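Below are the chains, spelled out letter by letter.
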Amino acid sequence: MSSYHLNYLEQLEAESIHIFREIAAQFERPALLFSGGKDSITLVQLAKKAFAPGKIPFPLVHIDTGHNFEEALQYRDWLAKEVGATLIVRKVEDTIKQRNLTEPKGKFASRNWLQTYTLLDTIEEFKFDACIGGARRDEEKARAKERIFSVRDDFGQWDPKLQRPELWNIYNGRIHKGENVRVFPISNWTELDVWNYIKTEAIPLPSIYFSHEREVIVHEGQLIAVSPFVTIEPNDIILKKMVRYRTVGDMTCTAAVESLATTLDEVVDEIKATRISERGETRIDDRVTEAAMEDRKKGGYF
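Rules used in this analysis
Residues numbered from 1 in each chain as written. Predicted model: local features only at pLDDT ≥ 70, side-chain atom pairs only at ≥ 80, totals over all residues. Heavy atoms only, no water. Core = buried A, V, L, I, M, F, W, Y, C linked by side-chain atoms within 4.5 Å. Buried < 20%, exposed > 50% of the residue type's maximum accessible area, 1.4 Å probe, protein only. Helix = DSSP H or I, 4+ residues; strand = E, 2+ residues; numbered from the N terminus. Domains from an automatic or database assignment. Contact = heavy atoms within 4.5 Å. 1 Å grid on protein atoms, 1.4 Å probe; cavity = no way out; pocket = protein on both sides within 12 Å on 5 of 7 lines; lining within 4 Å. Points joined across faces, edges and corners; volume = space filled by probe spheres on them. Nonpolar A, V, L, I, M, F, W, Y, C, P; charged D, E, K, R; others polar. Salt bridge = Lys/Arg side-chain N within 4 Å of Asp/Glu carboxyl O. Axes fitted to C-alpha atoms, helices over the stretch in contact; angles between N-to-C directions. Parallel < 35°, antiparallel > 145°, perpendicular 65-115°, else oblique. Phe/Tyr/Trp six-rings, centres within 6.5 Å; stacked < 30°, edge-to-face > 60°.

Colleague: Requested: an account of the nonpolar core, with residues and values cited.
Modeller: Counting residues in each nonpolar core, the largest one holds 58 residues, and the members touching the most others are F20, L32, F149 and V183. No other element matches the 7 residues that helix 2 (residues 38–51) contributes to this core. Looking at which domains feed residues into this core, each of domain 1 (8–193 + 291–298) and domain 2 (206–287) gives three or more. Filtering out sequence-adjacent residues up to four positions away, V183 remains in contact with I19, I23, F27, A130, C131, I132, G133, I148 and F149.

Colleague: Can you explain the layout of surface pockets? Please cite residues and give values.
Modeller: Roughly 440 Å³ of volume is contained in the largest pocket. As for the largest pocket, its lining consists of 20 residues, and the residues nearest its centre are I123, K127, F128, G178 and E179. Among the elements that line the lining of the largest pocket, the one with the most residues is helix 5 (residues 115–126), at 3 residues. For the lining of the largest pocket, the residue count by class is 6 nonpolar, 5 polar and 9 charged.

Colleague: Describe the pattern of salt bridges, and please don't skip the residues or the numbers.
Modeller: Tallying each qualifying case throughout the model produces 18 salt bridges. Note that R99 and D121 form a salt bridge whose closest N and O atoms lie 2.7 Å from each other. Remark: D121 occurs in helix 5 and R99 occurs in helix 4 (residues 92–99); sequence separation between them is 22 residues. A salt bridge links K107 to D236; the nearest nitrogen and oxygen atoms lie 2.4 Å apart. Here K107 is found in the loop between helix 4 and helix 5, whereas its partner D236 is found in the loop between strand 8 (222–225) and strand 9 (239–244), with 129 residues between them in sequence.

Colleague: Hey, could you go over the packing of helix 1 (residues 8–26) against helix 6 (residues 191–201) for me, with residue numbers and the actual values?
Modeller: Here helix 1 crosses helix 6 at 95°, and the two axes come no closer than 11 Å. The angle between helix 1 and helix 6 places the two elements in the roughly perpendicular class. Contact with helix 1, carried on its side by Y8, L9, L12 and E13, involves D193, N196, Y197, T200 and E201 of helix 6 and no other residues of that element. Partitioned by chemical class, the residues of the contact of helix 1 with helix 6 number 4 nonpolar, 2 polar and 3 charged.

Colleague: Any chance you could break down the packing of aromatic side chains for me, citing the residues and the numbers?
Modeller: Scanning all chains against the criterion turns up 10 aromatic pairs. Between W113 and Y117 the ring centres are 6.2 Å apart and the planes differ by 70°, which places this aromatic pair in the edge-to-face class. Ring centres 5.2 Å apart and planes at 85° place the aromatic pair W189 and Y197 in the edge-to-face group. Residue W189 shares its accessibility class with Y197, and that shared class is buried.

What follows is the structure, encoded as structure tokens:
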């Protein structure tokens, strides 16, 4: 009798598929938060496998800030159609008008913190009781405090001191009326794991993840794309660089990295060689304070 041992990617995949099936079993109205980035793309692939041959039994939800990379938006629409999933898009710009919020100002006028209002309104509109996200524990210190099933109170807020134990892969999704759970099926994955999985599964990605020429300015050592959403000042020098993106956020807060990597193999080699986390290298908004991400999460952020 032969025995078969799962390799590490297969083990991670099996754990994530188990989590997806737990979501379907424990919640009535789950949704997958989809940004068009590699982590949420990986979630869609895992969900496809978890529920095959049926369709993904919950919608993809995109909170659109209006400052997105066009490549990510085109990919979002293509993928939703490709997998036959319902796509729900809610715009931060609409929330700003409805709530009479103050539009951020400055050189990098990011709407990132305003996403929380739109997300909480969307959860209320559709009565979602679970929102599936692509956060990983290696991204940032606040992410490492999350459980896989992370409860939010009826105001959408997260308390890092009130986390439920998760022993023996047993997940507790019980909530009171008005509460919801954020679920992170790839919480135990690393950035390199995600890239290796994408390579193994031959998952198509937005072109932004591979080397391309783009006009950028240098700000505090980071390469920021020239766009209508970034204020170009007289002392800014516009350069043309061969770059790619490690993470896909808003154009106002996401930096590129210089790269000639045009294939998955080359990207994996670059990730293996780096010693800086993707958020540490490419996210401007995480540099505001040491607790920037944790403060946003406490207020209801992804």
